[in-house]
Amino acid sequence: YSNYAVYLSNKGGKFKILRLDLNSPTAGPVDMISTLTNIEIFNFDYDSAKSMLYYDVYNLDNNTSYVAEQAINSTTMTSQISASGYTITDVVPFTATN
């Protein structure tokens, strides 16, 4: 997407979303949400008109699931919509759409 390759990784047993800068071949992958460590990312989508990523996150620390929005060139979530107050018993991957 744009100048980046975005992909899911299962390094260390946790699914994370990583970004690789295609203009900098020596740079390593960047964890898109490094501030959260005990999470799993199951799927993501990209809106090229807005340069935004959308992905579903499951937080293992507090058993919550939410949809996040984030600029592709940032490592900070722009927004997140949570299912607060609900207990997650099963997480099903999805494809986000506008």
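Residues numbered from 1 in each chain as written. Predicted model: local features only at pLDDT ≥ 70, side-chain atom pairs only at ≥ 80, totals over all residues. Heavy atoms only, no water.

### Examining the side chain of Gln70
Line of reasoning, step 1. Position of Gln70 among the secondary structure elements: in strand S6 (residues 64–71).
Line of reasoning, step 2. There is a polar contact of 2.9 Å between the side chain of Gln70 and the backbone oxygen of Met32.
Line of reasoning, step 3. Ignoring sequence-local partners within four residues, the contact set of Gln70 consists of Met32, Ile33, Ser51, Met52, Leu53, Tyr55, Thr75, Thr76, Met77 and Thr78. (Helix = DSSP H or I, 4+ residues; strand = E, 2+ residues; numbered from the N terminus. Polar contact = N/O pair within 3.5 Å; in protein donor to acceptor, adjacent residues only side chain to side chain. Contact = heavy atoms within 4.5 Å.)

### Examining the environment of Arg19
Line of reasoning, step 1. Looking at where Arg19 falls in the secondary structure, it is placed in strand S2 (residues 16–21).
Line of reasoning, step 2. With a relative accessible area of 10%, Arg19 lands in the buried category.
Line of reasoning, step 3. Spatially, the C-alpha atom of Arg19 lies 9.7 Å from that of Tyr1, the residues being 18 residues apart in sequence.
Line of reasoning, step 4. Aside from chain neighbours lying at most four places away, what touches Arg19 is Tyr4, Ala5, Val6, Gly28, Pro29, Val30, Met32, Ile72, Asn73, Ser74 and Thr75.
Line of reasoning, step 5. Separated by 2.9 Å, the side chain of Arg19 and the backbone oxygen of Ile72 make a polar contact.
Line of reasoning, step 6. Within the structure, Arg19 has its side chain in polar contact with the backbone oxygen of Ser74 (distance 3.5 Å). (Buried < 20%, exposed > 50% of the residue type's maximum accessible area, 1.4 Å probe, protein only.)

### Focus on the pattern of salt bridges
Line of reasoning, step 1. The final tally for this structure, using the stated rule, is one salt bridge.
Line of reasoning, step 2. Of the charged contacts in the structure, one is a salt bridge between Asp31 and Lys16, with a shortest N-O distance of 3.2 Å. Residue Asp31 is located in strand S3 (residues 30–31), and its partner Lys16 is located in strand S2; the two are separated by 15 residues in the primary sequence.
Line of reasoning, step 3. Residue Asp31 is classed as partly exposed on the basis of its relative accessible area of 22%.
Line of reasoning, step 4. Taking relative accessible area as the criterion, Lys16 reaches 11% and is therefore assigned buried. (Salt bridge = Lys/Arg side-chain N within 4 Å of Asp/Glu carboxyl O.)

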